[in-house]
Amino acid sequence: MSPAGVGGARVRIEGVHKAFALDGRSTPALVDINLEVQAGELLCLLGPSGCGKSTLLNIVAGFLPPTRGRVLVDATPITGPGPERGVVFQEYVLFPWLTVAQNVEFGPRLAGVEAARCREIAARYLDMVGLREHATKFPVQLSGGMKQRVAIARALANNPSIVLMDEPFGALDAQTREVMQEELSRIQRVEHKTIVFVTHSIREAVYLADRLVVLTSAPGRIKEMFTIKLGEARDRFAPEFTRYESEITRVVKEEVAKVRE
Amino acid sequence: MIRAAALAGALLAWALVAYGNLALEVMNPVLLPTPGEVGALAAVQIRDGSLAHHLTVSALRIVEGFGLAAAAALALGLLVAVSTPARLALEPVIEFVRPIPPLAFLPMFLVWFGLGETSKVAFIAYTTFFPMFVGTGASLLRVDVMLLRAAASLGASRRDLLRRVVLPAALPGIVVALRLGFGLAIFVIVGAEFMGADAGLGNLIMEGRVFFNPAQIVMGALLLGALGSLVNALLLMTERRVLRGRALP
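Note that the coordinates shown come from a computational prediction; the quantities given were computed from them, not determined experimentally.

Time to look at the overall build of chain A. Each helix and strand in chain A was counted, giving 7 helices and 10 strands. Relative to the compact-globule value of 18 Å for 261 residues, chain A shows a C-alpha radius of gyration of 18 Å, a close match. Considering only C-alpha atoms, chain A reaches an extent of 55 × 45 × 35 Å along its principal axes. Each of the 261 residues in chain A was classed as buried or not, and the buried ones make up 56%. Taking the intrachain contacts of chain A between residues at least 6 apart in sequence as the baseline, contacts between residues at least 24 apart amount to 71%.

Rendered as structure tokens:
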């Protein structure tokens, strides 16, 4: 396992291919993906729906094996899910039988951290996402935005070096979504995790990403890579922001058009 | 409040029909016992202790039979959930035996286990096992794969997954299966006690039939109803405690 703590690990995706069996035929979903995510970098995966960006994330998470190729965390090839790679899902996937605090403590408890220390950790991360006073509630009593904050706190409380986020704000309304983006970017300035963030929102990607990878329509290949040089606190209405947005929109649209043909 | 009123209403309706029949003699009044007659009979049997005896004997058989079946259903349900070969081997056998009405086997239980307690307990265990096994097995197998992924990415081992995810996630389904099993136990105790029993509520009812005492039959039936709803209330209470957080309070 890579060293935990503040700061991330490097992720290397080497020659990853993924094919699914569809009606008895092997259908490619990802073709020859080579990608390196630097320690502490926030990388966004962007592409039309069905392009395989979530599949790629699931491979990095260890939920799916690649058909060919491999994924390395620092120098170690992954063989399955692991606590050094935290995952935040679009549908939150909290444990409904546990309270908010117990959800956040889940990882540390599995790791054998003593109970008092677990409570401290949970309190700290619930503070970070602004949910301390909801610690004893159950997930069913929370709104979508609050559930996703719990899910983020749960992932971070386990102190992973990498956080994989699969359209985490996709199910939220537009206002909540922007608030969550701001919170994530604030948290990232403290935690410096390596984050792979899947989204189909160009605006979201430009707001969050250090680097941004556009995938082609299915089967997914890397189409183009952008480095977003916008600094830390980003203004969605700044002219440079809009310039990135329109340039990336043009690139993504080419792929969306292909799906239509 | 509404519950109490509804129960009182049902009692009142019975009283109206029975006492009305007593006055008008639509049918022979002996065939339709009144609440008074049943109450008087119950008072006699409470005083001589026979009612308590019948109740305890039945309750003990139900608890033992149900307990055995629940333990077996949980154990085999877990086995089927964690081992695909076990599932493939067990399923066809159980699905073949399951649809056979258990009452068809009741005479065999008497032959195999004798006239004593063993045959009754075994029969209740046999009958209640199937729905509880199917229910627990299905709940354990149908745990959302996303919950397993979430736990695995937080560092859960296979053992952790079973203990901390699969079991709690399946618990609502397991509780329902146990409630169904218990309801069935009360259902079949009568059948088990019809044949070769010297005590129990089923025996009480059978005795009422043999000695032509409709009041005793009605009393036995009412006691079974009371026992069933009492236990169901207890199970619902446990369910609410165990499943807090699953629904809005």
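Now, onward.
It is worth spelling out the environment of E207 of chain B at this point. All names here are of chain B. By the element assignment, E207 lies in helix α9 (residues 201-210). Here the alpha-carbon distance between E207 and G191, two residues 16 residues apart in the chain, equals 13 Å. For E207, the side chain forms a polar contact with the side chain of Q216, separated by 3.2 Å.

The next thing to look at is the interface of chain A and chain B. Interfaces are often described in size by the accessible area the parts lose on coming together. Each partner contributes residues to the interface: chain A has 24 residues there, and chain B has 21 residues. For the chain A and chain B pair, buried surface summed over both sides reaches about 2000 Å², with 73% attributable to carbon and sulfur atoms. The interface formed by chain A and chain B holds 1 residue pair in polar contact (both at pLDDT 80 or more) in total. For the side of chain A that touches chain B, the secondary structure elements donating two or more residues are β6 (85-88) and α2 (100-110) of chain A. Ranked by residues supplied to the side of chain A that touches chain B, first place goes to α2 of chain A with 4 residues. Classifying every residue of the side of chain A that touches chain B gives 15 nonpolar, 6 polar and 3 charged.

Judged by side-chain polarity, M27, V30, L31 and F212 of chain B come together as a nonpolar surface patch covering roughly 380 Å² of accessible area. Its relative accessible area of 43% is what places V30 of chain B among the partly exposed residues.

Examined against the element boundaries, A185 of chain B turns out to sit in helix α8 (residues 158-194). For A185 of chain B, the residues in contact, after removing those within four places along its chain, are I62, I124 and T128 of chain B.

With that out of the way, let us pick up the pattern of salt bridges. Residue and element names in this part refer to chain A. Evaluation of the coordinates by the stated rule reveals 24 salt bridges over all chains. Note that R250 and E254 form a salt bridge whose closest N and O atoms lie 3.6 Å from each other. Here E254 and R250 lie together in helix α7 (residues 239-260), a separation of 4 residues that amounts to about one turn. With a relative accessible area of 47%, R250 lands in the partly exposed category. Take E254: its relative accessible area is 37%, and that puts it in the partly exposed class. Sharing partners across several salt bridges, the network here consists of R10, R12, E14, E36 and R70.

Further remarks concern the layout of surface pockets. Residue and element names in this part refer to chain B. Volume-wise, the second largest pocket comes out at about 290 Å³. Within the residue set of the lining of the second largest pocket, elements represented by two or more residues are α3 (50-82), α6 (117-141) and α8. Grouping the amino acids of the lining of the second largest pocket by side-chain chemistry returns 9 nonpolar, no polar and 2 charged.

Residues and elements named next belong to chain B. Following both chains from N to C, one finds helix α4 (residues 84-97) and α6 inclined at 140 degrees, their axes separated by 11 Å at the closest point. When the interaxial angle is binned, α4 and α6 end up oblique. Like other packed secondary-structure pairs, α4 and α6 cross with a definite hand, here left-handed. In this structure, α4 contributes R87, I94, E95 and V97 to the contact, and α6 contributes Y126, F129, F130, F133, V134 and L141.

This part takes up the nonpolar core. Looking at soluble globular proteins, one finds that nonpolar side chains tend to be buried together. Within the largest apolar cluster, 52 residues are counted, with the highest numbers of intra-cluster contacts made by F197, V206, L212, I228 and I248 of chain A. If you tally residues by element for this core, the top one is helix α4 (residues 144-157) of chain A, at 8 residues. Those residues within four positions of V206 of chain A in sequence are excluded, and the remaining contacts are L212, I228, L230, R234, F241, Y244, E245 and I248 of chain A. Core analysis: the next-biggest nonpolar cluster, separate from the first, contains 41 residues, A9, V11 and W97 of chain A together with V165 of chain B among them.

The domain architecture assigned to chain B consists of domain 1 (1-32) and domain 2 (37-247). The C-alpha-based centres of domain 1 of chain B and domain 2 of chain B are spaced at 32 Å.

Bringing the side chain of T128 of chain B into the picture now. Residues and elements named next belong to chain B. Mapped onto the elements, T128 comes out in helix α6. Separated by 2.8 Å, the side chain of T128 and the backbone oxygen of I124 make a polar contact. What T128 contacts, discounting residues up to four positions off in sequence, is G65, F66, A69, G181, L184 and A185.

Rules of the game
Residues numbered from 1 in each chain as written. Chains lettered and ligands numbered in written order. Predicted model: local features only at pLDDT ≥ 70, side-chain atom pairs only at ≥ 80, totals over all residues. Heavy atoms only, no water. Helix = DSSP H or I, 4+ residues; strand = E, 2+ residues; numbered from the N terminus. Rg over C-alpha atoms; globule rule 2.2 N^0.38 Å. Buried < 20%, exposed > 50% of the residue type's maximum accessible area, 1.4 Å probe, protein only. Contact = heavy atoms within 4.5 Å. Polar contact = N/O pair within 3.5 Å; in protein donor to acceptor, adjacent residues only side chain to side chain. Buried area = accessible area lost by both parts, 1.4 Å probe. Nonpolar A, V, L, I, M, F, W, Y, C, P; charged D, E, K, R; others polar. Patch = residues over 30% accessible without salt bridge, like charges linked within 9 Å, V, L, I, M, F, W, Y side chains within 5 Å. Areas by Shrake-Rupley, 256 points an atom, 1.4 Å probe, with all protein chains shown as cover. Salt bridge = Lys/Arg side-chain N within 4 Å of Asp/Glu carboxyl O. 1 Å grid on protein atoms, 1.4 Å probe; cavity = no way out; pocket = protein on both sides within 12 Å on 5 of 7 lines; lining within 4 Å. Points joined across faces, edges and corners; volume = space filled by probe spheres on them. Axes fitted to C-alpha atoms, helices over the stretch in contact; angles between N-to-C directions. Parallel < 35°, antiparallel > 145°, perpendicular 65-115°, else oblique. Left-handed = near helix turned anticlockwise from the far one by under 90°. Core = buried A, V, L, I, M, F, W, Y, C linked by side-chain atoms within 4.5 Å. Domains from an automatic or database assignment.

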